[in-house]
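Survey of secondary and tertiary structure
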Amino acid sequence: MTSVVTPLDPRRDQRARSFAHRVAPAWLHARARGIPLAVLGIVAVALAAWWCADWLVHREWSTGADSRVPVVAGAPLLAVVLASAGLGGQDEELERSTAVRWRVRRLGHILGMTLLIGCALVLIGLWEPREYGAFELARNTLGFVGLVAASAPVLGSRLAWVPSFAYAAVVYLAAPKPILTEAAWWTWPLQQWGADLAVLVVVALFVGGTALYVMKGARPARDADE
Amino acid sequence: MNRTTRRVLRTELLRGAAPVAAAGVLLAGFLIMGAFAGDWAGWSGRWTPLAASVRLSLMALGALVAAAAAWQAGRERRRRTSDQIGSTSRPGWQPFVVGWASVTLGSSVAMLVVVGACAALVAPVASYGGGGWVWMIVVAFPGLAALSALGALLGRLIPSRLVAPVVAVAVYLPMVGVVDGAGPGVTRWLAPVLSPYDAPGYTIDAAVSLAQFVWFSAVAGTAIMLIVTAQRWLIVVPAGIAVGAAAWLASSSPQWEVDRAAVELVCTEDGSPEVCLTRLNSFLLDDVAPLARGALAHWEGIPGAPDRAVDETAQIDHWDAEDEASVRLTLTSGATLSGGYAGSGARSPHGWEVIDWWPATTCAGAVTEQHWSLFEVATAWGIQADAWLEPDSQRYLDALMAMPAKDQKNWMGRFLAAAETCDESVLATLAEELR
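In this text, all values refer to a predicted model and were calculated from it rather than measured experimentally.

A short note on the overall build of chain B
- Summing up its helical and strand segments, chain B has 18 helices and seven strands in all.
- The C-alpha radius of gyration of chain B comes to 28 Å, more than 25% above the 22 Å expected for a compact globule of 435 residues.
- Its C-alpha atoms put chain B at 95 × 40 × 35 Å along the principal axes.
- Every one of the 435 residues in chain B was classed for burial, and the buried ones make up 45%.
- Look at the contacts in chain B between residues 6 or more apart in sequence, and 72% of them connect residues 24 or more apart.

Written out as structure tokens, the structure is:
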């Protein structure tokens, strides 16, 4: 004979309460940080990047894989900029007064953001992963995440995007053409995967930025939030 | 402008987003212009490439200024002071206009400083001052104002923490496409950016610059009027002017035009092998002449060999048979800010080929294709550059270079004669000698 579980079953009630206890606050936290909207934005960026990369390579006067440089630099930047707003809360000082292990949560933010953006962009770059494809997209995601993570404690989460954007905007214009591997330490967003120096700089940025953000958190905003 | 307005504007200039925008423009402007100076189509010693570089820098500077304006326009909402300000007798549009004006003024002054510093470096060395470059630079300022106004409009209308970064990216990426040649042709002229790669030896008609000036000013006016005026019909005026200017730019299909005065040749007159540069590049003549003569000396004693070096930029307007047989000089990169030339061999410091030459021939394409390795070998021998060659050509070149100098010249003399008359049997013999 099968047992019938009624809505009043105490085991189910306990499970439901336990689920609600763990998931609901996490969902509320994610919503307060604008993460659902950021996820939608990241998916949109990935789809737009996929379309752009395909169009750039297949247009009449394309120079091949090199044509994807704007996508390889721009897509991780835009995705990280969209996600960077979630690095700080509505009222950072009030949040810090709560009994929550914020350092663990901050680390989760950075790793979750990196994984989500990295996976979304790597998927669109698998056709030619080593020629301005998945490898470079993953590397640049790490680099830009590191930059916004390092900026958040100094400028706050609302302005953490500024150094990354300004850096990428200037480097794209100012990098020597053709792109030289000797300049990889500062032109890492535009380098091919083979440039080891670019990978080293990016790893240093990611580790340094993450450590700074995990320790300090985002600088409390002076303004009210929108 | 009365005293109160001046005071409010001064306060905004000092305490709003304007100083940050101005500092960003100064820093990014100097970095970008510094990188462009000696690079391909660089502006060292040349006015039109300077103007085009300033316009290209708007890709980054314009995006930063638009984001700063969007940030500034959302300040009252962020600080929750909109109601308080709305309760005063001050018209609601004033804080918006003053905020936009402060960001635009601050960033324009910063850009003027960057342009002024670059112009001070070009002025003492430039050998050609024409080409309407002043108007190209002037258009950069309404271009910046238009981007700033669009940023302010979006910042005012969209209550989101993401509006400033999205505005920055939304301004930057389309301009990358414009410079890259993506999109319909007219978008090239409706965006404030210009590609400096088109600039050496070319110019833009002053009427096109005027139409762009009107277009950007009208776009800025329309964006501001959308917020400030209660009478919506007034927007029709700037919007109508903007549409008219855009329609003119679309219908007249503007292009970069050859600047004939800039590409006139200026030649050495001291009896040695002649070296001719365009007026645009003639400030490099003293530095480039010994370099070109060094290359020509390599040919000495070979009948039919080139005895003249000519600036390749002249090719965009005229290129006669005599020029065809000359050594070509590509001087669009490598100039220094002090007016000298940084290259010392066949390549510029940036790795571009400076000295180029290709044998004159009457052979049909198919025959040239058949003896391609010989033509490549002759060019590599002539310009003495480390170039990548097909494996066959590299083997031939190694064989040629292994010969005594006198035999090398003899081989080159026979090759030049055979290429000119397209004597296939001699070409086959010459190839056999290198196998």
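Remarks on the overall build of chain A
- Scanning chain A for helices and strands turns up eight helices and zero strands.
- Taken from N to C terminus, the helices and strands of chain A fall in the order α-α-α-α-α-α-α-α.
- In chain A, of all internal contacts separated by at least 6 residues, the share reaching a separation of at least 24 is 70%.

What to know about the UniProt feature "transmembrane region" (unreviewed entry) in chain B
All names here are of chain B.
- Within this numbering scheme, the UniProt entry marks residues 12–36, 56–74, 95–126, 132–155, 162–182, 202–226 and 233–250 as carrying the feature "transmembrane region" (unreviewed entry).
- Between the first and last C-alpha atoms of residues 56–74 the distance is 28 Å; the span itself is 95% helix and 0% strand.
- The span residues 233–250 is 83% helical and 0% strand by assignment, and the distance between its end C-alpha atoms comes to 26 Å.

A look at the pairing of strand E5 (residues 308–311) of chain B
All names here are of chain B.
- Relative to E5, strand E4 (residues 274–278) runs parallel, the two sharing three bridges. Counted as the bridge partner of glutamate 274 is arginine 308 from E5.
- Handedness of the crossover is the feature at issue here: the chain leaves E4, passes through helix H12 (residues 285–297), returns alongside E5, and the resulting connection is left-handed.
- One ladder, built from three bridges, connects E5 with strand E6 (residues 327–329); its direction is parallel. The residue of E6 that forms the bridge with aspartate 311 is leucine 329.

Notes on the pairing of E4(B)
All names here are of chain B.
- The element E4 is largely enclosed, with a buried count of four among its five residues.
- Here strand E3 (residues 265–267) runs beside E4; their pairing, made up of three bridges, is antiparallel. By the bridge assignment for E4, valine 266 is matched with leucine 277.
- Between E3 and the antiparallel strand that follows it, E4, lie six residues; glycine 271 among them carries a positive phi value of about 85°.

As for the interface of chain B and chain A
- Residue-level contacts link 28 residues of chain B with 20 residues of chain A.
- Of the residues belonging to the side of chain B that touches chain A, the class tally is 18 nonpolar, four polar and six charged.

Some points on the packing of helix H10 (residues 206–228) of chain B against helix H11 (residues 236–252) of chain B
Residue and element names in this part refer to chain B.
- Orientation of H10 relative to H11, taken along the N-to-C sense of each, is 150°, at an axis distance of 8 Å. On the basis of the axis angle, H10 is roughly antiparallel to H11. Between H10 and H11 lies a crossing of left-handed hand. Of H11, the residues touching H10 (which contributes Ala211, Val214, Trp215, Ala218, Val219, Gly221, Thr222 and Met225) are Pro238, Ala239, Ile241, Ala242, Ala245, Ala246, Trp248 and Leu249.
- Considering only residue class, the contact of H10 with H11 consists of 14 nonpolar, two polar and no charged.

Notes on the sheet that holds strand E7 (residues 355–356) of chain B
Residues and elements named next belong to chain B.
- Judged by pairing direction, the sheet is mixed, and its five strands sit side by side in the order E3-E4-E5-E6-E7 without closing on themselves. Two strands lie at the open edges of the sheet, namely E3 and E7, each paired on one side alone.
- Packed onto the sheet, H12 meets E3, E4, E5, E6 and E7 and runs at close to 135° relative to E4.

Structural notes on the UniProt feature "transmembrane region" (unreviewed entry) in chain A
Residues and elements named next belong to chain A.
- Following the UniProt record, the feature "transmembrane region" (unreviewed entry) maps to residues 35–57, 69–87, 107–127, 147–173 and 193–214 here.
- With 100% helix and 0% strand, residues 35–57 has end C-alpha atoms that lie 32 Å from one another.
- Here residues 107–127 runs as 86% helix and 0% strand, with 31 Å between its end C-alpha atoms.

Overview of the environment of Val203(A)
- For Val203(A), the location among the structural elements is in helix H8 (residues 196–216).
- For the pair formed by Val203(A) and Leu47(A), sequence separation is 156 residues and the distance between their alpha carbons is 26 Å.

A look at the domain arrangement of chain B
- Along its sequence, chain B is organised into domain 1 (3–258), domain 2 (263–357) and domain 3 (358–435).
- A C-alpha centroid distance of 54 Å is found between domain 1 of chain B and domain 3 of chain B.

Remarks on the packing of helix H6 (residues 93–122) of chain B against H10(B)
Residue and element names in this part refer to chain B.
- The N-to-C vectors of H6 and H10 enclose an angle of 155°; their axes lie 9 Å apart at closest approach. By the criterion of interaxial angle, the relationship of H6 to H10 is roughly antiparallel. For the pair formed by H6 and H10, the contact residues are Trp93, Phe96, Val97 and Trp100 on the first element and Ile224, Ile227 and Val228 on the second.
- Here the residues of the contact of H6 with H10 are counted per class, giving seven nonpolar, no polar and no charged.

What counts and what doesn't
Residues numbered from 1 in each chain as written. Chains lettered and ligands numbered in written order. Predicted model: local features only at pLDDT ≥ 70, side-chain atom pairs only at ≥ 80, totals over all residues. Helix = DSSP H or I, 4+ residues; strand = E, 2+ residues; numbered from the N terminus. Rg over C-alpha atoms; globule rule 2.2 N^0.38 Å. Buried ≥ 20, exposed ≤ 12 C-beta atoms within 10 Å, placed from the backbone. Contact = placed C-beta atoms within 7 Å. UniProt positions renumbered as here; feature names shortened; annotations may be inferred. Pairing = 2+ DSSP bridges. Right-handed = clockwise from strand over helix to strand, strands pointing away. Nonpolar A, V, L, I, M, F, W, Y, C, P; charged D, E, K, R; others polar. Axes fitted to C-alpha atoms, helices over the stretch in contact; angles between N-to-C directions. Parallel < 35°, antiparallel > 145°, perpendicular 65-115°, else oblique. Left-handed = near helix turned anticlockwise from the far one by under 90°. Domains from an automatic or database assignment.

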